[in-house]
Amino acid sequence: MKTRNNDIPLILQNWSRLSSILPLRLSFPLGPGGSQLDFSVCLSTFLLLGTLNAIVQVILVQYVGFPNEKSQQLVAASCVGILHSTIVVAGVLSLFSTRRYIPCEKMPEAPIWWQDACHAVLQFCTGYMIYDFTAVFVNGTIDSSDYPFLAHHIIVVIIITSARMVGAAHSSIMVMILVGEVTNPFQNLYYVTSNALACDCCKHIAWLKSLHYINTFLFCVSYIAVRTLPGWACFCHMTYHWIRHGKANGIPVWLMTFWAVLKWAIAFVSLAWVQDCANMLVQIYFSSSSSTAPPPQGVAPAKVPTPDL
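As the structure is a computational prediction, the values presented were derived from the model and not from experiment. (Residues numbered from 1 in each chain as written. Predicted model: local features only at pLDDT ≥ 70, side-chain atom pairs only at ≥ 80, totals over all residues. Heavy atoms only, no water.)

Within the protein chain, the secondary structure is distributed over 10 helices and two strands. Starting at the N terminus and ending at the C terminus, the protein chain contains elements arranged as α-β-β-α-α-α-α-α-α-α-α-α. Relative to its length of 309 residues, the protein chain is compact, with a C-alpha radius of gyration of 20 Å against a globular reference of 19 Å. Across the protein chain, contacts joining residues at least 24 apart in sequence account for 75% of those joining residues at least 6 apart. Carbon and sulfur atoms make up 67% of the accessible area of the protein chain, which amounts to about 14700 Å² in all. For the protein chain, the distance from the average site of its 16 positive side-chain charges to the average site of its 13 negative ones is 9 Å. (Helix = DSSP H or I, 4+ residues; strand = E, 2+ residues; numbered from the N terminus. Rg over C-alpha atoms; globule rule 2.2 N^0.38 Å. Contact = heavy atoms within 4.5 Å. Areas by Shrake-Rupley, 256 points an atom, 1.4 Å probe, with all protein chains shown as cover. Lys, Arg positive; Asp, Glu negative; His and termini not counted. Charge placed at Lys NZ, Arg CZ, Asp CG, Glu CD.)

This is the structure:
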């Protein structure tokens, strides 16, 4: 039975037709059975976010008063990261509001409009990862601290694209994205306020200090809440289903193993950030009883090192 447009949430109507209205078209014969796999949204996202990053940097230097140094690059990247996380989380939640989570489900089992919307959301996330990866090289020299960040982005692109290629497990991938991205607006805002308070143009703004204090608390609490029991429960559930039902749904054993190893590696790495967030909470509560933010500890890192998946 066909689904009427009135029964499809407006946000998913827009996602489902996004690829077809883009002026730039890109596809490769990488889909199931050699079918064409669309990358138009991925390409457009890469170009759009790169342009937006450049515009934000100009605004920060010319109108806000940031020094023309690395700080405006960090803040611009974080602003783009907030936009990406907000959009992709809204897209994933909308998709799950119309179809339940089945870890190893085959993509063709969903309605065509839902498939198109799902592919667009996954492409949007992929395009962001490629843009963010490229921005590291554009913004300056690479050192050893960049390697985990770069490796993470490559892993995310491979996991998302490989799921699209086999035409299954897209629900699992979206849950990974949701777990990784739902706290990123708070984390990126933390980097924005940290860098802003380290600059002469912003360090005396009282409301910015309060925002930094409140957001730091929200970031730490939300990150710990998501990345401990709920996140690990989701990963255990999807790993079990990959092992039990993956092969029957056309997912090669080697690919399931690859996904599981990478997913659990990122999960264990994120434990260090759980500890850091716990330490930050202790600092907030015991360093001062005032309502202002603790002073920023230098300039924040260039990238958001928390895994998105």
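Let us now look at the packing of helix H3 (residues 70-98) against helix H7 (residues 184-197). Close contact between H3 and H7 brings their axes to 8 Å; oriented N to C, the two are set at 160 degrees. Classified by the angle their axes make, H3 and H7 are roughly antiparallel. Here the hand of the crossing between H3 and H7 comes out left-handed. Touching Ser 71, Leu 74, Val 75, Ala 77, Ser 78, Cys 79, Gly 81, Ile 82, Ser 85 and Thr 86 of H3 are Asn 184, Pro 185, Asn 188, Leu 189, Tyr 191, Val 192 and Asn 195, all from H7. Of the residues that constitute the contact of H3 with H7, the class distribution is nine nonpolar, eight polar and no charged. (Axes fitted to C-alpha atoms, helices over the stretch in contact; angles between N-to-C directions. Parallel < 35°, antiparallel > 145°, perpendicular 65-115°, else oblique. Left-handed = near helix turned anticlockwise from the far one by under 90°. Nonpolar A, V, L, I, M, F, W, Y, C, P; charged D, E, K, R; others polar.)

Counted at 1.5 Å a residue, the expected span for helix H6 (residues 170-181) with its 12 residues is 16 Å, and the 16 Å between its end C-alpha atoms agrees. The buried fraction of H6 is high, at 11 of 12 residues. Residues of H6 that are buried include every one of His 170, Ser 171, Ser 172, Ile 173, Met 174, Val 175, Met 176, Ile 177, Val 179, Gly 180 and Glu 181, and no others. (Expected span 1.5 Å × (residues − 1). Buried < 20%, exposed > 50% of the residue type's maximum accessible area, 1.4 Å probe, protein only.)

Another point: a nonpolar patch on the surface. A contiguous nonpolar surface patch, about 300 Å² in accessible area, is contributed by Leu 26, Phe 28, Leu 30 and Met 165. For Leu 30, a relative accessible area of 36% gives the class partly exposed. (Patch = residues over 30% accessible without salt bridge, like charges linked within 9 Å, V, L, I, M, F, W, Y side chains within 5 Å. Salt bridge = Lys/Arg side-chain N within 4 Å of Asp/Glu carboxyl O.)

All chains considered together, the criterion is met by three salt bridges. Note that Glu 105 and Arg 99 form a salt bridge whose closest N and O atoms lie 2.5 Å from each other. For Glu 105, a relative accessible area of 2% corresponds to the buried category. Linking Asp 200 and Lys 203 is a salt bridge whose minimum nitrogen-to-oxygen distance equals 3.0 Å. For Lys 203, a relative accessible area of 33% puts it in the partly exposed group.

In this section: unusual backbone geometry. In this structure, Ala 169 takes a positive phi of about 65 degrees despite not being glycine. The topology assignment puts Ala 169 in the loop between helix H5 (147-166) and H6. Taking the relative accessible area as the measure of exposure, Ala 169 reaches 0% and is therefore buried.

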